[in-house]
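Each chain is listed here by its residues.
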Amino acid sequence: MTQDELKSEVSKAALKYVTPGTIIGVGTGSTANFFIDHLAGMKDSIKGAVASSIDTANRLKRHGIPVINLNDVDEISVYIDGADESDHKLNLIKGGGGALTREKIVAAVSRQFVCIADESKLVDSLGKFPLPVEVIPMSANYVKRQIIDSIGGNPILREELTTDNGNLILDIHELEIDDPQNLENCLNNIVGVVTNGLFANRGADILLLGSQNGVIIKHAK
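A few points on the structure. Not measured: the values here are computed from a predicted model.

The rules behind each value
Residues numbered from 1 in each chain as written. Predicted model: local features only at pLDDT ≥ 70, side-chain atom pairs only at ≥ 80, totals over all residues. Heavy atoms only, no water. Helix = DSSP H or I, 4+ residues; strand = E, 2+ residues; numbered from the N terminus. Buried < 20%, exposed > 50% of the residue type's maximum accessible area, 1.4 Å probe, protein only. Pairing = 2+ DSSP bridges. Axes fitted to C-alpha atoms, helices over the stretch in contact; angles between N-to-C directions. Contact = heavy atoms within 4.5 Å.

**Digging into unusual backbone geometry**
Here comes step 1: At leucine 90, a position not held by glycine, the phi torsion is positive, near 70°.
Here comes step 2: Relative to the helices and strands, leucine 90 is located in the loop between β4 (85–86) and β5 (92–93).
Here comes step 3: Exposure remark for leucine 90: the relative accessible area of 0% places this residue in the buried category.
Here comes step 4: We note that glutamate 160 has phi near 55°; this positive angle belongs to a residue other than glycine.
Here comes step 5: Structurally, glutamate 160 can be placed in the loop between β8 (154–157) and β9 (168–173).
Here comes step 6: By relative accessible area, which is 86% here, glutamate 160 ends up exposed.

**Digging into the sheet that holds β9**
Here comes step 1: The strand order β8-β9-β7-β10 describes an open sheet built from four strands, whose pairing is antiparallel. Bordering the open sheet on either side are β8 and β10 (193–196), each of which pairs with just one other strand. Strand-to-strand, the axes of this sheet are offset by a mean angle of 30°, without reference to chain direction.
Here comes step 2: Sheet topology places strand β7 (residues 131–135) next to β9; five bridges connect them, and they run antiparallel. Looking at the pairing, glutamate 134 lines up with isoleucine 169 of β9.
Here comes step 3: Relative to β10, helix α4 (residues 100–109) is tilted by about 65°, and along the sheet it contacts β7, β9 and β10.
Here comes step 4: Packed onto the sheet, helix α6 (residues 180–188) meets β7, β9 and β10 and runs at close to 165° relative to β10.

Following this line, the structure appears as structure tokens:
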């Protein structure tokens, strides 16, 4: 199967984690788009969805799936989204599409986080994929200097991208992430950082991996 076919299969497998009669959260990116397309076939069984980006909200609406404002929701039964990397403990790097802050917020509100990806995204150690950091525009150069001085790596401004929140993205290259939770906290403590793409303090509960031998299910340790 092609990578897109693997993404489609694992997205279809995620439907069994959707609880009828509830509000779900939906992520952003190519794998999440496949999930939305499959979700359309059972849209009448859920109350609606909270979207993690404008693009996701628009895709949901095109399928006739009600989009609900998170401020009108007390609880989300499940959040389903992709990842750029996952380690074996289900710590994630997300944000390749620039929606990391809203993704992190929706994940925090959700009772369960199901991550869907093709098997190439499972790694022994996070960091080969550049780690996104969302920053307030006026702080970009300051944050870059702080990252270099206190954390290391090579932060590069992502050109021609503004997040749905009106902010910028720094991608940290050349990182070896030994302690994802600690690094997530350290980055978030830099003034000017909105949040970063490490999902370690709230990682995935379940990881579904599309493989040539079918969908592999992993649970957080």
